[in-house]
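# Structural characterization, general
One-letter residues, chain by chain:
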Amino acid sequence: MANRPQPLGVMVWVGMGALALVLALTLSPLMTIAAFGRDGFALRITDWAAIHFTLVQAFLSTVLSLAIAVPLARAVARRHFWGRRLFVALMGAPFILPVIVAVFGIISSFGHNGLIAQILRPFGVVMPEIYGLHGVVLAHMFFNLPLAARLILQAWQDVPQERVRLAQSLGLGHAAFFRHIEWQILRNTLPPAFAIIFLLCCSSFAVALILGGGPRATTIELAIYQAFRFDFDLGRAASLAAVQALLCLVLGGIALKWTRPRNPLGTGLDRPLALPRGGRIAAVSDGFVILVAGVFLILPLVRVLWLGLPHLIDLPSQVWVAALRSVVMALFATAICLCLSLHIALTLTRLKAAPYLEAICLLALVISPLALGTGWFLMLRQITNPIAWALPVTVLVNALMALPFVLRALLPALREAEASQARLATALGLQGWKRFRHAYLPRLIRPLGFGAGLAAALSMGDLGVIALFAAPDHATLPLEMMRLMGAYRMQEAQGAATVLLGLSLCLFWVFDRGGRIYA
Amino acid sequence: MKHTIIAAGMSVAAGMALADVPVLQVYTYDSFMADWGPGPQVERAFEEICGCDLQFIGAGDGAALLARLQLEGPRSDADIVLGLDTNLMQTARDTGLFVPHGITAPALTLPIQWQDPEFLPFDWGYFAFVHNTDLANPPRNFEDLAASDLRILIQDPRSSTPGLGLVYWIEAAYGSDAARIWEGLSDNIVTVTPGWSEAYGLFLEGEADMVLSYSTSPAYHVIAEEDDSKTAAAFEEGHYMQIEIAGMTAASDQPALARAFLEFMLSPAFQSVIPTGNWMYPAALPASALPEGFDGLIAPETVLHFSAKEAADRRDAAIETWQTALSR
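Residues numbered from 1 in each chain as written. Chains lettered and ligands numbered in written order. Predicted model: local features only at pLDDT ≥ 70, side-chain atom pairs only at ≥ 80, totals over all residues. Heavy atoms only, no water.

Broken down by element type, chain B carries 14 helices and 12 strands. Its C-alpha radius of gyration of 20 Å places chain B within 12% of the 20 Å reference for a compact globule of 328 residues. With the principal axes as the frame, chain B shows a C-alpha extent of 65 × 40 × 35 Å. Counting across all 328 residues of chain B, residues that qualify as buried make up 59%. At a minimum sequence separation of 6, the contacts of chain B that also span at least 24 residues come to 79%. Here chain B has roughly 12500 Å² of accessible surface; of this, 50% comes from carbon and sulfur atoms. (Helix = DSSP H or I, 4+ residues; strand = E, 2+ residues; numbered from the N terminus. Rg over C-alpha atoms; globule rule 2.2 N^0.38 Å. Buried < 20%, exposed > 50% of the residue type's maximum accessible area, 1.4 Å probe, protein only. Contact = heavy atoms within 4.5 Å. Areas by Shrake-Rupley, 256 points an atom, 1.4 Å probe, with all protein chains shown as cover.)

This is the structure:
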């Protein structure tokens, strides 16, 4: 092997093996589901209600997120204010937040008895019930408004300065500037953002589990869970999982298709951007949007810490046991995810079919965790007690879920390393491990650290497959927290939320920081 | 009965020379094994005589408990499932995951005769809506409740035995008119919780005017908290009765120990914990043995109850009625 002209030959095959493994781990549960329903998938009226509710809440969540994200991104793009960088960084935080912690913070901030309700009560204002459609939409906005704002902000910042100058020298008014510059950006950014957020809202589970529930507010994901844990109707669980997988594949396909080349205005000389700022009214409205969005995003987190810190001392031991279990699982998931994505990335950089192969890894993202979990459960049941395998399956699914994100972080760095170092490395006769170690690794450590941080934080906070499988006596920290909430042991749930929040952020920080230090 | 326990104890003692203490795993609902529930006392009392390690494992409310056993299938670790009720009994039997207990039950104090090869009762009670005594004009029937703007908390019939009990209660009282009652109730329901604990917790936090629970629940507040501010609304249609049951699994690797536990379950040591632990009527203790706070409870004139077979036949349609009415 070492004498062959292509360097890293072995690694390509290992990478192809990793890809095949990912494909097998994602497709075999889907095939199991399909085989289970070969007698025809039967959906009841209530299942159609779940499909309907899923689409309605996803549509509302997406439209409202985008409607606020556009003015927010614009305000952040054209204003300079104290803490702007922190604000932009904060908009990335919901991504690594454990969903259950965020939902908990949202309930205790905006709920029927939350902080806002307590402040407004003396004035005779009663906050509406948070359980049901508006609670689900509000929680989805918490996660997706900042995501949308970041996507749009990125596009805004890519506007070449030359274009803005040109528009100004032509004397374009607000309307014309919007039509020729801003609309061009939005027209290209909004459709893919819409598709991605719609997809995320359709396949979110933990939000619906806590804030939905009754027949009026059941999503497909929740219906899968209920068919499992309440009815033990595997046929219906498989039918619903098939519907969910199909829906996600279609939406994922649309999202990919709508992702056109990002910049419709061409590139400029990369000079710092100064967008026209508008008059005083614009300044006030920009400030208002930033303030409201800031409070909406920060208040729930402050609430979690405020409520939880006093209860850290007297947390029951099972919370700490669950925390330890979750950390160990997160580390395993991270190791598996890094190992797979590194090999896949090394392979993708040297193959022409890379885009198609990368799409395989997106499968894991597109297909809902509960659909995957259902398939896995049905497979395992034929050979063993699946409940006993809850933790390993959760680790594996978590690793697969983080894979597309880690891959996205690794690929650009690896391509760059390949472009700049490959010739030198070949000239020096570096092969295999040595080549990787000396030519590539130094340039990969930063994205590796970032990717590991993402994978660990996502896995730490995950409440998906584990809810489907888990025995309560082997709970992860998010599941333990849900049980405490369910048993109405609120002070302990508050403490657990703080531990979970701290551990997730800590894991991310340690890996990300480690990557930066050793880079 | 004692002989079986002693025999089990001796075989256990013999086994201990070779191996660790045998473990008896009992799957039950969360409030049974809670610190304030009957679980800890039962565990202490049984471990004194069995020479074993009794472990309670919480698996959600009654129906979710059965689903858990089905999820694990024939390879389950459970030896005993405690906390199903007669409404789920036929479904549980049909899974084939339970085996006959072979026990001749002592004299029971249930309102009905008991004869079942697989399941034994451990307590019983009536479903009722619990409210604060200061509630003006508490409803006297479901029609009143549906017409009112009272905020109520109920449980999901697919996961919870009280939730399922309410579905049968309305089914038994109104028959083909049940859908109309549910549609009337749908705007009174604050939320549908997966289990009893969640709903009762929300009620105590002041999130609703009434909660679906038991006619015996006010006794808890009177006896344990010296608080007489809670009462149960007596409904003119009558109240649906629940009989809670336990059975031993086919998957058990400790059948002798499991049988010993079921016998213990009907002995005074277990039964006397029930009134002030699970806040239900014990299945094998005379009424004279009930504590004082049980005197002031409502006593339904009409008792509604479906046989296990009838409940199983009606289950899918009744839940579908509930789901359809509430998803509007």
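Another aspect to go through is the packing of aromatic side chains. Scanning all chains against the criterion turns up 40 aromatic pairs over all chains. Their ring planes at 75 degrees and their centres at 4.9 Å tell us that F95 of chain A and F405 of chain A sit as a pair that is edge-to-face. Within this pair, whereas F95 of chain A is found in the loop between α3 (84–90) and α4 (99–110), its partner F405 of chain A is found in helix α16 (residues 390–427), the two being separated by 310 residues in sequence. Connected via pairs of aromatic rings, a cluster forms that spans Y29, F32, F46, F56, F122, F261, F264 and F270 of chain B. (Phe/Tyr/Trp six-rings, centres within 6.5 Å; stacked < 30°, edge-to-face > 60°.)

All names here are of chain A. Look at helix α13 (residues 317–348) against helix α19 (residues 477–486): their axes get within 8 Å of each other, and the N-to-C directions meet at 150 degrees. Judged by the angle between their axes, α13 and α19 are roughly antiparallel. Counted together, Q318, V319, A322, A323 and S326 of α13 and L477, P478, E480 and L484 of α19 form the full contact between these two elements. Residue composition of the contact of α13 with α19, grouped by class: six nonpolar, two polar and one charged. (Axes fitted to C-alpha atoms, helices over the stretch in contact; angles between N-to-C directions. Parallel < 35°, antiparallel > 145°, perpendicular 65-115°, else oblique. Nonpolar A, V, L, I, M, F, W, Y, C, P; charged D, E, K, R; others polar.)

This part covers the nonpolar core. The biggest cluster of nonpolar side chains holds 170 residues, and the ones touching the most others in it are L72, I344, Y440, L444, F469 and M481 of chain A. With 18 residues, the single largest contributor to this core is α16 of chain A. Counting contributing residues, this core receives three or more from each of domain 1 (1–40 + 312–519) and domain 2 (47–301) of chain A. Formed by 106 residues, the second largest nonpolar core is a distinct cluster that contains L82, L135, L150 and Y214 of chain B. (Core = buried A, V, L, I, M, F, W, Y, C linked by side-chain atoms within 4.5 Å. Domains from an automatic or database assignment.)

Further remarks concern the confidence of the model for chain A. Residues and elements named next belong to chain A. For chain A, the mean per-residue pLDDT works out to 84, and 92% of the residues sit at or above 70. Taking the mean pLDDT of every element in chain A, the minimum, 73, falls on helix α14 (residues 354–366) and the maximum, 93, on α13. pLDDT under 50 marks residues 1–6. Its contacts with residues more than four places away, or in other chains, come to two contacts. (pLDDT = per-residue confidence, 0-100.)

As a further point, take the state of the cysteines. A complete count under the given rule lists one disulfide over all chains for this structure. Put simply, C50 of chain B and C52 of chain B are joined by a disulfide, and their sulfur atoms are 2.1 Å apart. Sign of the S-S torsion, about -85 degrees for the bond between C50 of chain B and C52 of chain B, identifies this disulfide as left-handed. On the basis of relative accessibility, which here comes to 6%, the residue C52 of chain B falls in the buried class. In this model C201 of chain A remains outside any disulfide bridge; the closest cysteine sulfur is found in C202 of chain A, 7.3 Å from its own. What makes C201 of chain A buried here is its relative accessible area of 1%. (Disulfide = S-S within 2.5 Å.)

The interface of chain A with chain B comprises 32 residues on the first partner and 37 residues on the second. Between chain A and chain B, the buried area comes to about 3000 Å², and carbon and sulfur atoms account for 53% of it. Applying the counting rule to chain A against chain B returns zero salt bridges. Scanning the region where chain A abuts chain B turns up four residue pairs in polar contact (both at pLDDT 80 or more). Elements represented by at least two residues in the side of chain A that touches chain B include exactly α2 (45–78), α10 (220–231), α15 (369–381) and α19 of chain A. Broken down by element, the residue count for the side of chain A that touches chain B peaks at five residues, all from α10 of chain A. Broken down by class, the residue content of the side of chain A that touches chain B amounts to 15 nonpolar, nine polar and eight charged. (Buried area = accessible area lost by both parts, 1.4 Å probe. Salt bridge = Lys/Arg side-chain N within 4 Å of Asp/Glu carboxyl O. Polar contact = N/O pair within 3.5 Å; in protein donor to acceptor, adjacent residues only side chain to side chain.)

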